[in-house]
Amino acid sequence: MFIVLLKFAEKCADAGLYMQAHKDWIQAGREDGVFMLVGSLKPAMGGVLLAHNVELEALQERVAADPFVIHQVVSSEIIEVSPHQADERLTFLLH
């Protein structure tokens with residue numbers, strides 16, 4: 001499982017130019033079953049994704065293809081998490 005941080009970067013003022021392409025990229029990740037959770041970093045710092053059922057290299061390639069990353073609207077950081085315990089509602093994350 002991975003946490004992907006997308007923090008506003010040098011060209012964050014250009015976000016509007018690439019917003020629809022970024023949203024399409026997120027939707028594709030959700031449809032592919034990779035992105036389980038998408039949210040905002042508060043206050044107005046960028047976004048966060050919870051990714052599952054993907055290898056690190058494939059996730060790195062996917063994140064590099066985000067229009068926001070390509071156009072330096074955000075910088076990305078991928079944090080790998082190895083869960084050991086979970087609430088019963090989240091036990092599927094332990095596999």
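See the structure shown above.
Every value quoted in this text rests on a predicted model; they were computed, and no experiment measured them.

(A) Representation of the nonpolar core. Grouped together as the largest cluster of nonpolar side chains are 17 residues, with contacts concentrated most on Leu 6, Phe 35, Ala 51 and Leu 59. Of all the elements in the fold, those that place two or more residues in this core are strand S1 (2-8), helix H1 (15-31), strand S3 (46-51), helix H2 (56-64) and helix H3 (67-70). Excluding residues that lie within four positions of it along the chain, Ala 51 makes contacts with Met 1, Phe 2, Val 34, Phe 35 and Leu 59.

(B) Quick peek at the sheet that holds strand S4 (residues 74-80). Ordered in space as S2-S3-S1-S4, the four strands form an open sheet in which the pairing is antiparallel. If you trace the sheet from one side to the other, it starts and ends with strand S2 (35-41) and S4, each paired once. Neighbour to neighbour, the strand axes of the sheet diverge by 15 degrees on average, direction disregarded. Taken together, the six bridges between S1 and S3 define a ladder with antiparallel strand orientation. Looking at S3, one finds that Phe 2 is bridged to Ala 51. Sheet contacts for H1: S1, S2 and S3; angle to S2, the most-contacted strand, approximately 145 degrees. Across the sheet, H2 lies against S1, S2, S3 and S4, angled at about 165 degrees from S4, the strand it touches most.

(C) Fine view of the pattern of salt bridges. Summed over the entire model, instances satisfying the criterion amount to two salt bridges. The salt bridge involving Asp 32 is made with Arg 62; its shortest N-O contact spans 3.0 Å. Highlighted residues: Asp 32 in the loop between H1 and S2 and Arg 62 in helix H2, separated in sequence by 30 residues. Measuring nitrogen to oxygen at the nearest pair gives 2.8 Å for the salt bridge that ties Asp 87 to Arg 89. When its relative accessible area of 67% is taken as the criterion, Arg 89 is described as exposed.

Cut-off values and rules
Residues numbered from 1 in each chain as written. Predicted model: local features only at pLDDT ≥ 70, side-chain atom pairs only at ≥ 80, totals over all residues. Heavy atoms only, no water. Core = buried A, V, L, I, M, F, W, Y, C linked by side-chain atoms within 4.5 Å. Buried < 20%, exposed > 50% of the residue type's maximum accessible area, 1.4 Å probe, protein only. Helix = DSSP H or I, 4+ residues; strand = E, 2+ residues; numbered from the N terminus. Contact = heavy atoms within 4.5 Å. Pairing = 2+ DSSP bridges. Axes fitted to C-alpha atoms, helices over the stretch in contact; angles between N-to-C directions. Salt bridge = Lys/Arg side-chain N within 4 Å of Asp/Glu carboxyl O.

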